[in-house]
Amino acid sequence: NAGVTQTPKFQVLKTGQSMTLQCAQDMNHEYMSWYRQDPGMGLRLIHYSVGAGITDQGEVPNGYNVSRSTTEDFPLRLLSAAPSQTSVYFCASRGFSGNTIYFGEGSWLTVV
Amino acid sequence: DAKTTQPPSMDCAEGRAANLPCNHSTISGNEYVYWYRQIHSQGPQYIIHGLKNNETNEMASLIITEDRKSSTLILPHATLRDTAVYYCIVVPFTSGTYKYIFGTGTRLKVLA
């Protein structure tokens with residue numbers, strides 16, 4: 001049971017490039033979400049999903065796309081990276097039978 | 001917008017109790033109070049949650065006021081390893097919105 005796994009852990013992108021941050025969980029959790037955390041700031045919700053095929057926007061969705069084709073995976077796509085998207089990204093999940101959110105260890109993204 | 005308000009920072013002497021307050025004056029009857037902490041830039045870690053009764057586990061105690069508009073997280077004997085950012089959030093326990101808004105938290109520094 002690995003919990004919530006994020007890849008890559010570190011990534012450097014050039015402005016305008018696209019990439020996908022991967023998130024996988026092996027707890028059969030229905031709910032998954034993505035947060036970003038800028039230096040010295042709190043967590044801000046980007047997108048979330050309550051099950052396969054269902055996604056919704058959070059607080060700061062612009063510039064990001066998500067899809068949920070399986071229960072296990074919830075990738076976050078940056079369509080055209082901008083320096084303002086330099087941040088640490090956290091994926092989280094929880095099951096419907098509980099309320100505890102489990103977080104991944106984070107993905108550090110730098111856009112130059 | 002965050003549904004909770006916390007002081008930005010607090011200090012606590014090692015071995016003493018750390019009392020972290022949280023205001024959630026707009027909490028609904030179907031929302032729990034959850035506490036998480038984030039050490040350095042790791043993924044946030046679950047501490048404790050409650051609805052209206054006081055709760056205690058091996059990590060901390062949670063005191064919720066009778067009107068549920070505020071709560072206090074108590075770390076009974078703070079250690080240097082408790083230095084972290086502590087987040088208080090409100091979470092619905094029925095199906096519905098899953099926008100878990102974290103805010104900026106309280107940065108607790110435990111002093112030797």
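Here, the structure is the one placed above.
Residues numbered from 1 in each chain as written. Chains lettered and ligands numbered in written order. Predicted model: local features only at pLDDT ≥ 70, side-chain atom pairs only at ≥ 80, totals over all residues. Heavy atoms only, no water.

K.L.:
For the overall build of chain B, give the residues involved together with the corresponding values.
P.N.:
The secondary structure content of chain B amounts to zero helices and nine strands. In sequence order, the secondary structure elements of chain B are arranged as β-β-β-β-β-β-β-β-β. A compact globule built from 112 residues would reach a C-alpha radius of gyration of about 13 Å, and chain B, at 13 Å, matches this within 12%. Out of the 112 residues in chain B, the part that is buried amounts to 45%. When the accessible surface of chain B is totalled, it reaches about 5700 Å², and 48% of it is carbon and sulfur. Within chain B, one finds 10 positive and 9 negative side-chain charges whose respective centroids are separated by 4 Å. (Helix = DSSP H or I, 4+ residues; strand = E, 2+ residues; numbered from the N terminus. Rg over C-alpha atoms; globule rule 2.2 N^0.38 Å. Buried < 20%, exposed > 50% of the residue type's maximum accessible area, 1.4 Å probe, protein only. Areas by Shrake-Rupley, 256 points an atom, 1.4 Å probe, with all protein chains shown as cover. Lys, Arg positive; Asp, Glu negative; His and termini not counted. Charge placed at Lys NZ, Arg CZ, Asp CG, Glu CD.)

K.L.:
Give me the lowdown on the interface of chain A and chain B, citing residues and values where you can.
P.N.:
In this complex, chain A contributes 22 residues to the contact, which on the side of chain B involves 21 residues. Overall, the association of chain A and chain B removes approximately 1800 Å² of surface from exposure, summing both partners, and the carbon and sulfur fraction of that is 58%. The interface formed by chain A and chain B holds zero salt bridges in total. When residues of the side of chain A that touches chain B are traced back to their parent elements, those giving at least two are β4 (31-37), β5 (43-51) and β9 (87-94) of chain A. In terms of residue count, β5(A) provides more of the side of chain A that touches chain B than any other element does, four residues in total. Class assignment for the residues of the side of chain A that touches chain B results in twelve nonpolar, seven polar and three charged. (Contact = heavy atoms within 4.5 Å. Buried area = accessible area lost by both parts, 1.4 Å probe. Salt bridge = Lys/Arg side-chain N within 4 Å of Asp/Glu carboxyl O. Nonpolar A, V, L, I, M, F, W, Y, C, P; charged D, E, K, R; others polar.)

K.L.:
So what's going on with the sheet that holds strand β7 (residues 64-66) of chain A? Which residues, and what values?
P.N.:
Residues and elements named next belong to chain A. Overall, antiparallel pairing links the four strands, which are arranged β1-β3-β8-β7 in an open sheet. The outermost strands of the open sheet, each flanked by one partner alone, are β1 (4-7) and β7. The average angle at which neighbouring strand axes cross in this sheet is 20 degrees, direction not considered. Examined bridge by bridge, strand β3 (residues 19-25) and strand β8 (residues 76-78) share three bridges and lie antiparallel to one another. Bridged to Leu-21 within β8 is Leu-76. (Pairing = 2+ DSSP bridges. Axes fitted to C-alpha atoms, helices over the stretch in contact; angles between N-to-C directions.)

K.L.:
I'd like a description of the sheet that holds strand β7 (residues 70-75) of chain B, backed by residues and values.
P.N.:
Residue and element names in this part refer to chain B. An order of β2-β7-β6-β5 is seen for the four strands of this open sheet, with the pairing classed as antiparallel. Edge positions in the open sheet fall to β2 (18-23) and β5 (55-56), since each of these has one partner strand only. Summarising the sheet, β2 and β7 pair through six bridges and their orientation is antiparallel. Residue pairing in the sheet places Pro-21 in a bridge with Thr-72 of β7.

K.L.:
Account for the pattern of salt bridges, naming residues and giving values.
P.N.:
All names here are of chain A. In this structure the tally under the stated criterion is four salt bridges over all chains. Among the ionic pairs, Arg-44 bridges to Asp-38, the shortest N-O distance being 2.6 Å. Looking at Arg-44, the relative accessible area reads 31%, which means it is partly exposed. Through salt bridges with shared partners, a single ionic network connects Arg-36, Asp-38 and Arg-44.

K.L.:
How would you explain unusual backbone geometry if you had to name every residue and give the values?
P.N.:
Put simply, Thr7(A) and Pro8(A) share a cis peptide bond, and its omega is -10 degrees. Residue placement: Pro8(A) occurs in the loop between β1 and β2 (10-13). Look at Arg68(B): it is not a glycine, yet its phi comes out positive at around 65 degrees. Along the chain, the position of Arg68(B) falls in the loop between β6 (61-64) and β7. Exposure remark for Arg68(B): the relative accessible area of 10% places this residue in the buried category.

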